[in-house]
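For reference, the chains in residue letters:
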Amino acid sequence: MKRQKGMSSLALVLLLLVIGGLILTGLNQQLDSFTRIVSRERQSVQQRATVQSALEWGKRQLWSVVTNIQCKKVSQGRVCLRLLAEDRVLLIAGNGDMFLWRWGEIQEGRIVFSPHGWSDFCPLKQGDLCQLP
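Worth saying up front: this structure is predicted, and the values here are computed from it rather than measured. (Residues numbered from 1 in each chain as written. Predicted model: local features only at pLDDT ≥ 70, side-chain atom pairs only at ≥ 80, totals over all residues. Heavy atoms only, no water.)

### Points about a nonpolar patch on the surface
On the surface, L12, L15, L16, I19, I23, L24 and L27 cluster together into a nonpolar patch covering about 690 Å² of accessible area. With respect to the element layout, L12 can be found in helix α1 (residues 2–59). (Patch = residues over 30% accessible without salt bridge, like charges linked within 9 Å, V, L, I, M, F, W, Y side chains within 5 Å. Areas by Shrake-Rupley, 256 points an atom, 1.4 Å probe, with all protein chains shown as cover. Salt bridge = Lys/Arg side-chain N within 4 Å of Asp/Glu carboxyl O. Helix = DSSP H or I, 4+ residues; strand = E, 2+ residues; numbered from the N terminus.)

Laid out in structure tokens, this is it:
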């Protein structure tokens, strides 16, 4: 009789160890999944910050008001200015597959950007005008 009680206790301990191991394996897989999600999100935030920085840098540059499209390279990505009709301009900043845009206009021979004119989607009907050349 004592042997049977000892065996059942040992079987219960082994069962608990197996169940605990399975739970820990599942938690580890979930942690790996969350780590990948956070890593992708971090990269996206860094890329957006880079493009936003390039857009702000582009606002401070001297651009010609006669050249239809002009581009400048920044450390990561490019910034281009496109002259549009009615003395409007569009500043485009991009890095990889992320782009930001800012509206502006030509006033007295200089380019003035709207303080609230930035956009994270193409503001023009012709989407090809929003791309970096």
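Still more to cover.
### Points about the pairing of strand β2 (residues 78–83)
Here β2 lies mainly inside the structure; five of its six residues are buried. For strand β1 (residues 69–73) and β2, the ladder comprises five bridges, and the chain directions are antiparallel. Bridge pairing in β2 places K72 opposite V79. Taking the residues between adjacent antiparallel strands as the criterion, β1 and β2 are bridged by four residues, where G77 takes a positive phi near 110 degrees. The sheet contact formed by β2 and strand β3 (residues 88–95) spans six bridges and is antiparallel. Within β3, the residue paired with R82 across the bridge is L90. What sits between the antiparallel neighbours β2 and β3 is a turn of four residues, in which E86 has the positive phi angle 60 degrees. (Buried < 20%, exposed > 50% of the residue type's maximum accessible area, 1.4 Å probe, protein only. Pairing = 2+ DSSP bridges.)

### Overview of the state of the cysteines
For the coordinates displayed, the defined rule picks out two disulfides. Disulfide partner of C71: C80, at an S-S distance of 2.0 Å. Around the S-S axis, the bridge from C71 to C80 shows a dihedral of about 105 degrees and counts as right-handed. Shown here is the disulfide that connects C122 with C130, its sulfur atoms set 1.9 Å apart. What sets the handedness of the C122 and C130 disulfide is the S-S torsion sign, and at about 70 degrees it is right-handed. (Disulfide = S-S within 2.5 Å.)

### Considering the nonpolar core
Across soluble globular proteins, nonpolar side chains show a tendency to be buried alongside one another. Of all hydrophobic cores here, the largest spans 16 residues; its most connected members are V79, L81, V89, L91 and I111. Secondary-structure elements contributing two or more residues to this core are α1, β2, β3, β4 (98–107) and β5 (110–119). Discounting chain neighbours no more than four positions away, the residues touching V89 are L81, R82, L83, L84, R102, W103, G104, E105, I106, I111 and F113. By size, the runner-up hydrophobic cluster in this structure holds seven residues, among which are L90, F99, W101 and L124. (Core = buried A, V, L, I, M, F, W, Y, C linked by side-chain atoms within 4.5 Å. Contact = heavy atoms within 4.5 Å.)

### Section: the pairing of β4
Of all the ten residues making up β4, eight are buried; the element is thus mostly covered by neighbouring parts of the structure. As defined by bridge partners, β3 adjoins β4 across eight bridges and the pair is classed as antiparallel. In the sheet register, A93 faces β4, and the bridge partner there is L100. Counted along the chain from β3 to the antiparallel partner β4, the turn is two residues long, and its residue G96 has a positive phi close to 70 degrees. As judged from the six bridges shared by β4 and β5, these two strands associate in the antiparallel manner. Residue pairing across strands places Q107 opposite R110, the latter belonging to β5. Here β4 folds back onto β5 in antiparallel fashion, the turn holding two residues, of which E108 has a positive phi close to 55 degrees.

### Let's talk about the sheet that holds β4
Pairing is antiparallel across the open sheet formed by five strands, whose spatial order is β1-β2-β3-β4-β5. Edge positions in the sheet fall to β1 and β5, since each has one partner strand and no second. Strand after strand, the sheet turns through a mean of 25 degrees between neighbouring axes, direction not considered. (Axes fitted to C-alpha atoms, helices over the stretch in contact; angles between N-to-C directions.)

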